[in-house]
Each structure stands twice: as structure tokens, then as C-alpha cells.
Amino acid sequence: MTSASAPPTSGAAAAAPGSRPPARPAILTVDDDPSVSRAVARDLRRQYGERYRIVRAESGPQALDALREMKLRGDRVAVLLADFRMPAMNGIEFLEQAMDLYPTARRVLLTAYADTTAAIDAINIVDLDHYLLKPWDPPQEKLYPVVDGLLDAWLAADHTPVTETRVVGHRWSARSYEVRDFLARNQVPYRWYLSEEPEGARLLAAAEASPDALPVVITPDGVTLTDPTDAELAGRVGLTTSPAADFYDVVVIGGGPAGLGSAVYAASEGLRTVLVERMATGGQAGQSSRIENYLGFPDGVSGAQLTDRARRQAVKFGAEVLTARDAVTLEVSGPARTVHFDDGRQISAHAVVLATGVSYRQLAAPGLDEFTGRGVFYGSALTEAPSCAGQDVYIVGGANSAGQAAMHFARHARRVTMVVRGSSLEASMSHYLIQQIAGVAAITVRTCTEVVAAEGDGHLERLTLRDNASGETETVDTQWLFIFIGAAPRTGWLDGVLTRDEHGFVLAGPDLVVDGRRPPGWPLDRDPYHLETSVPGVFVAGDARAESVKRVASAVGEGAMAIALVHRYLEKR
Ligand SMILES: Cc1cc2nc3c(=O)[nH]c(=O)nc-3n(C[C@H](O)[C@H](O)[C@H](O)COP(=O)(O)OP(=O)(O)OC[C@H]3O[C@@H](n4cnc5c(N)ncnc54)[C@H](O)[C@@H]3O)c2cc1C
């Protein structure tokens, strides 16, 4: 089984969304005669009821339905006892199909008289463990010793219950990757199964899902979602997607460090606060494998850990955190600021903090678009690191984010090659990171080099690199390319509402006052506050702000400062 899990959440395991306590393993018995069926179940329950769940069915199809449901819930099945002569489906046919779902469950056939043909068939077809004659009175002599032996044999193998969300998909499917990335970044534990491996196929069979409609997500309570949207997924794995109220003191848009900083300070200072995040809280910082320069963490901290703590802190203070909600319009009507979501819903507030950060810039070269999510990834795609074990990985970019990724992937990959357009790393990367990279033998840095093409059949298989000094090109075999070439703000939806610079970053405070003139349409008899945009009561914090310092600490600081200014705005309206 290929399995991968979201990074463990410290201290949150018991309450983690998308998981549940394991159920007792089951012993399933199926007999079409209701009185016999009840008698078997009664005898089994008396002896094993404390440690095992006894599941009873009165036909093969009914028993298979029960098994499918248990499979989807991640339950374990230890023993199957099936009557041989049943009208719709005989015991051998049932056991044969049951094996497709639970191949390691021990199998027993029950018959009313010695039917040697049935026994031989069962041994050949379903690898029968035992053959029991009815009646089995007294059970202490005829039934329990057999079942005890089968349970001992079953327990001897590893049957760890699966209590997490499960994802079944293709290795090279962009949407399968996005679903796993969404779960991982939201700290939802999950297991990943390739559709072509046995357990993946069994789960698809239990879900009666077509291998053509992937990914399939199975929640811990056994609900199957076929190719779900992020919002559907979020709702099913325990993330909050709908606001509890229509009106708040402050709406924070974006759940990176700036937005989380705002939410923590706003909620802790008594403001009714909602934070809206389109994908997963943490933002860019949540994708950083190790942040070494954040105050108070001398040994570094993973971005996911840092931002998960911040999210829990915000929630502890009473902030609502909505996930998988994209803010698409900001409407200003009188004193109210209304944010519209992609699903048509809206919320209003006295004030808004825009903390929408930046998103990765796309690299333009033939083939890259086609293979995005199928071997070509933007950002560190930490979920993919274990899949790169023993393979060659290429990383494009020469800044800190690329350097951190190289260090991270070097722990798994055979070789990591950094493809850097400039002539050295010195101009773009922190000194400490350059030194760390130089100390790792598995990392090679190719300067003055660019990726000029990508090729493959269904997924990335080859890259063409060009040496800009010599003009020579070289084709290399690889299935993994991670791109970090800077980022651009996602602020197109604010067009016509507030003032942005030529790159789309939001202008605020003193940057809006040109030659002593306030921004066009500014209605108040004062200058905009420091982080206030050209719309009073709408503030911007973090990477989305024009001329901001692109750092976690400054984003958090601006988030906190924006709330101090929200208070000032609310007092002086
Ligand atoms: C791999 C990597 C490593 C880094 N390492 C470091 C480091 O070691 N030290 C350091 O100081 N800095 C580091 N940085 C930079 C740092 O992470 C950023 O400066 C910081 O995250 C900016 O925070 P932010 O909240 O302004 O924006 P972001 O972190 O970009 O968060 C913005 C959030 O807003 C959401 N959003 C955007 N638009 C909408 C919308 N319309 N509706 C709802 N939500 C929306 C996004 O999904 C995102 O979650 C790193 C960055 C990366 C990518």
C-alpha cells in the first residue's frame, strides 16, 4: 500500500478533523434461515461480543452491502462465516466476492450435512479456512475452538484500523494532487492509495466507483465523494465553510501570517471576527518546510506548525475561520463593507483587512502547463516529497524558498538540481542557506541555466535545460520539477474598488498621498491611516501591500497593526 499522510498536528491528534476513533473488528455471519442466523450470531456474541462486533446478514447480497459499508468506514473484518446453501448467492459465491473487499478475513463455510463437493470447491475457489457442520452444539466444543484459532491467526498479522480520510487516485492526476495538497495543508490526516494497487481497487469496488472518475475521497464515516470540489471536501472533513452570522466587526480575507495575525489580535481584543481563506490557512508560510528566521524559534519551525498554532490561537479567542471560500468582490455601501464569495454568499462588516498575500508566478516554457500537477509543481508541494524518494528532482529558482525546498527534497531524493537563471545565488538567497546547500552533497546548483521545455507521456518525463552562457541545451530525465520564481498578488478582484500599483499590489497609507493630495474619491477629512487603503475602513497587511517586506514576521506584525488601526477607525467614524 502506498500511503502518505498530512503532517502530524501536534496536540491536535484527538480532535483532528477528518478522523474518528477505531471501531472493534467485526465477525460477519450470513445465513438465509433467520432462526439459524440469529442462533449463530447469539453464540458468537456470547463468546466474542466484548472484543468483536458481530454483524448478521440473511443473504449474500445483504452481507456484501454490509461489507462494502464497513470497507468505506475503514472497519476491520476478522472472520466471515457463510452458509453454503442460500438462494440468491451461495456461500462460496459470497466468500469469493467478500475476498475482493477483505482478502485477509478468515473464511468459514457452514453446511447442514457433509457436502464434500462444496468443501472441495470452497477450498479451491476461496481458500477456505474451515468447514463447519450444522448444528454445532455445544458451541464450546464445536464452534468456539474453530473461531478462536481463526481469530488468533487473523490477529497475528497487522490489521491497523484506518480511521483517516482516504484518497484514491492516479499518481499523475493533477486533481488527485490538488485534493491531497488541500487536505495536507488543512492538517487533515489522510491516506493515499493509487487506484491500480490492490487496496485502492478494493476501495473503489466498495464505493462502486468507476476508475475513470477519480479522485475518490472516502471520509472516516464512510461517505464517498467523487472528484469533489474544495468546498465539498472541506465541509465533509470537518472544516468550517459557512459563516455563523451575516455581520461582523471585521472580516479578514486571507489566512496566511498577516491574516492570522489580524484574526488573533482582533478576536482577542473583543472584535467579532471572521477570517476567510480560499484554500488553507497558513498561506505561503504554511508551505515553508523550515522557517529559520522567525523570532523566538532558534532551532527553526516548520511553517505548517507555526501557522497551525496561530489558527488554533485565533479560534481559541473566538475568531471564526472559514476555509475553501474565495472572496471575489468587495462592495462598499455607506458604512458597511460587504465581501461576496464565489458561491454567491456574502458577509458584511464595519471593517475589512485584506491579507491575500501573493501566489506563485508561472514559468513559461513549452510543456509546463500540460504537466502542472503531473510532475510540475509550483511551490514546495511538500506532500510530494516522499514520492520523490531515490529519484532526481529539479528545482527552478534562486531565492530562499527554492533553497529551503532543495534542502527539504535532498532528504528524500537521490539528487536535487537547482536551476538558477542568475550567475550565482548570492544576490537572491540568504547567506546561511547558501552555506547549508553547499554542505549537502546531493544538491547541485546550475547557474546561468533555464528550463526551456518539458516532455512526457501523461506526466513529466524529460526536461530540456539551456546553458545561457554557452547556448547549449541538454535533455535530462526526471519526473519532478518544482518551480519557485517569485510571486504576484491576487488582487484582480479589487479592480475599480481600491487603488493598486502597476503590479497589482495594494497601495496604503502614505503611499496614497501624492504631492499632498489624497486618493481620488477619498471622502474623509483626514489622510488614510498607515495600512488603510483608498477605501476608508479597508486595510491591507502583509505581502499584498505595495512595497511590503516579504517576511513572516513583518506580515504578522502588519496584521496586528491593522487591527490597532481598525479600532481607531471604529472609534472615530
Ligand atoms: C516556500 C516559502 C518559504 C518561505 N520562507 C520564509 C522564511 O523562512 N522566513 C520568512 O520570513 N519568510 C518566508 N517566506 C515568505 C513568507 O511566507 C511570506 O512573506 C508570508 O507568508 C506572507 O504572509 P501573508 O499573510 O501576507 O500572505 P500569504 O502567506 O501569501 O497568505 C495569503 C493567503 O490569502 C489567501 N487568499 C488569497 N486571495 C484570497 C481570496 N480572494 N479569498 C480568500 N483567501 C485568499 C491565500 O490562499 C493565502 O492563504 C517564505 C515563502 C515561501 C513561499
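Structure first, text after, so check above.
Only a predicted model underlies this, so the values are computations on that prediction, with no experimental measurement involved.

**Student:** Talk me through the overall build of the protein; I want residue IDs and the actual numbers.
**Tutor:** Each helix and strand in the protein was counted, giving 14 helices and 26 strands. Its C-alpha atoms give the protein principal-axis dimensions of about 100 × 60 × 40 Å. Within the span of the protein, comprising 573 residues, buried residues form 55% of the whole. Considering only contacts in the protein between residues 6 or more positions apart, those separated by 24 or more positions represent 65%. Accessible surface, the protein as shown: approximately 24600 Å² in total, 49% of it carbon and sulfur. Taking the average place of the 56 positive charges on the side chains of the protein and the average place of its 71 negative ones, the gap between the two points comes to 5 Å.

**Student:** Give me the site of the ligand: which residues, what numbers.
**Tutor:** What surrounds the ligand is a group of 34 residues, the closest being Glu277, Gln284, Asn293, Gln404 and Asp543. Residue glutamine 284 places a side-chain N or O atom 2.7 Å away from an oxygen atom belonging to the ligand. Between the ligand and glutamine 404, the relevant distance is 2.8 Å, taken from an oxygen atom to a side-chain nitrogen or oxygen of the residue. Coverage of the ligand by the protein chains reaches 94% of its 1000 Å² of free accessible surface. Taken together, the elements giving at least two residues each to the shell around the ligand come down to helix H10 (257–268), strand S16 (358–360), helix H12 (400–409) and helix H14 (552–571).

**Student:** A description of the packing of helix H3 (residues 91–101) against helix H4 (residues 116–126) should follow, citing residues and the corresponding values.
**Tutor:** Following both chains from N to C, one finds H3 and H4 inclined at 15 degrees, their axes separated by 10 Å at the closest point. Here H3 lies roughly parallel to H4, going by the angle between them. For H3 against H4, the interelement crossing comes out right-handed. Residues Ile92, Leu95, Glu96 and Met99 of H3 pack against Ala118, Asp121, Ala122, Ile125 and Val126 of H4. Class assignment of the residues belonging to the contact of H3 with H4 gives a composition of 7 nonpolar, no polar and 2 charged.

**Student:** Could you give an account of the sheet that holds strand S4 (residues 106–111), with specific residues and numbers?
**Tutor:** Strand order across the open sheet formed by 5 strands is S2-S1-S3-S4-S5, with parallel pairing between neighbours. Where the open sheet ends on each side, the last strands, each with one partner, are strand S2 (53–57) and strand S5 (130–133). When the angles between neighbouring strand axes are averaged without regard to direction, this sheet yields 20 degrees. Its contacts with the sheet put helix H1 (residues 34–48) on strand S1 (26–30), S2 and strand S3 (77–83), and the angle it makes with S2 is roughly 175 degrees.

**Student:** Tell me what's going on with the pattern of salt bridges, and back it up with residues and numbers.
**Tutor:** Working definition: two side chains of opposite charge can pair if their charged atoms are close together. Tallied over the entire structure, the rule returns 31 salt bridges. Between aspartate 43 and arginine 42 there is a salt bridge; the shortest N-O distance is 3.3 Å. When the shortest N-O distance is used, the salt bridge between arginine 73 and aspartate 75 registers 3.7 Å. On the basis of relative accessible area, arginine 73 is assigned to the partly exposed category, the value being 29%.

**Student:** Account for the pairing of S4, with residues named and values stated.
**Tutor:** Most of S4 is tucked away, with 5 of its 6 residues classed as buried. Inspection of the sheet shows S3 paired to S4 by 5 bridges, in the parallel sense. Looking at S4, one finds that leucine 80 is bridged to arginine 107. Two elements, S4 and S5, share 4 bridges in a ladder whose sense is parallel. Bridging from a neighbouring strand, threonine 111 pairs with leucine 133 of S5. Each parallel crossover has a hand, and the one from S4 via H4 to S5 is right-handed.

**Student:** Could you give an account of the packing of aromatic side chains, naming the residues involved and the relevant values?
**Tutor:** Scanning the entire structure with this criterion turns up 10 aromatic pairs. One residue, arginine 526, lies across the ring of tyrosine 529, its end atom 3.7 Å from the ring centre. Across from the ring centre of tyrosine 529, 5.0 Å away, lies the NZ or CZ of arginine 568, which sits over that ring.

**Student:** Tell me what's going on with H4, and back it up with residues and numbers.
**Tutor:** Quick reminder: α-helices carry 3.6 residues per turn. Residues three or four places apart thus point the same way. Every buried residue of H4 is listed here: Ala118, Ala119, Ala122 and Val126. Down the axis of H4, the buried set is contained in an arc of 100 degrees. They therefore lie on one face. Away from its buried face by more than 90 degrees, H4 exposes Thr116, Thr117, Ile120 and Asn124. Against the buried residues of H4 lie H3, S4 and S5. Positive phi shows up at aspartate 127, right after H4, with a value of about 50 degrees.

**Student:** If you had to explain the sheet that holds strand S24 (residues 480–483) to someone new, which residues and values would you point to?
**Tutor:** Spatial ordering of the open sheet is given by S17-S24-S18-S19-S20, a layout of 5 strands whose pairing is parallel. The sheet is open, and its two edges are formed by strand S17 (376–378) and strand S20 (443–446), each paired on a single side. Strand-to-strand, the axes of this sheet are offset by a mean angle of 20 degrees, without reference to chain direction. Relative to strand S19 (residues 415–419), strand S18 (residues 392–396) runs parallel, the two being bridged by 5 bridges. Bridging from a neighbouring strand, aspartate 392 pairs with arginine 415 of S19. Relative to S18, H12 is tilted by about 170 degrees, and along the sheet it contacts S18, S19, S20 and S24.

**Student:** Give a description of the nonpolar core that names residues and reports values.
**Tutor:** Leu28, Leu67, Leu80 and Phe94 are the most contacted members of the largest nonpolar core, which has 39 residues in total. Elements that contribute at least two residues to this core include exactly S1, S2, helix H2 (60–72), S3, H3, H4, helix H8 (198–206) and strand S8 (216–218). Core analysis: the second largest hydrophobic core is formed by 28 residues, Val252, Val321, Phe539 and Val566 among them.

**Student:** Report on unusual backbone geometry, specifying residues and quantitative values.
**Tutor:** In the segment running from lysine 134 into proline 135, the intervening peptide bond is cis, with an omega of -10 degrees. Considering the arrangement of structural elements, one finds proline 135 in the loop between S5 and helix H5 (139–142). Geometrically, the link from leucine 214 to proline 215 is a cis peptide bond, its omega value of 5 degrees lying close to zero. The topology assignment puts proline 215 in the loop between H8 and S8. With a phi close to 50 degrees, cysteine 448 is a non-glycine residue in the positive phi region. Among the structural elements, cysteine 448 can be located in the loop between S20 and strand S21 (449–455). Relative accessible area serves as the criterion here: at 24%, cysteine 448 is assigned to the partly exposed category. Positive phi, normally seen in glycine, also occurs at aspartate 515, with a value near 50 degrees.

**Student:** Can you explain the side chain of asparagine 400? Please cite residues and give values.
**Tutor:** Turning to its location among the elements, asparagine 400 is positioned in helix H12. Leave out the neighbours within four places in its chain, and asparagine 400 touches Ser428, Met429, Ser430 and Leu433.

Conventions adopted
- Residues numbered from 1 in each chain as written.
- Predicted model: local features only at pLDDT ≥ 70, side-chain atom pairs only at ≥ 80, totals over all residues.
- Heavy atoms only, no water.
- Helix = DSSP H or I, 4+ residues; strand = E, 2+ residues; numbered from the N terminus.
- Buried < 20%, exposed > 50% of the residue type's maximum accessible area, 1.4 Å probe, protein only.
- Contact = heavy atoms within 4.5 Å.
- Areas by Shrake-Rupley, 256 points an atom, 1.4 Å probe, with all protein chains shown as cover.
- Lys, Arg positive; Asp, Glu negative; His and termini not counted.
- Charge placed at Lys NZ, Arg CZ, Asp CG, Glu CD.
- Near = heavy atom within 4 Å.
- Polar contact = N/O pair within 3.5 Å; in protein donor to acceptor, adjacent residues only side chain to side chain.
- Axes fitted to C-alpha atoms, helices over the stretch in contact; angles between N-to-C directions.
- Parallel < 35°, antiparallel > 145°, perpendicular 65-115°, else oblique.
- Left-handed = near helix turned anticlockwise from the far one by under 90°.
- Nonpolar A, V, L, I, M, F, W, Y, C, P; charged D, E, K, R; others polar.
- Pairing = 2+ DSSP bridges.
- Salt bridge = Lys/Arg side-chain N within 4 Å of Asp/Glu carboxyl O.
- Right-handed = clockwise from strand over helix to strand, strands pointing away.
- Phe/Tyr/Trp six-rings, centres within 6.5 Å; stacked < 30°, edge-to-face > 60°.
- Lys NZ or Arg CZ within 6 Å of the ring centre and 35° of its normal.
- Arc of directions from axis to C-beta.
- Core = buried A, V, L, I, M, F, W, Y, C linked by side-chain atoms within 4.5 Å.

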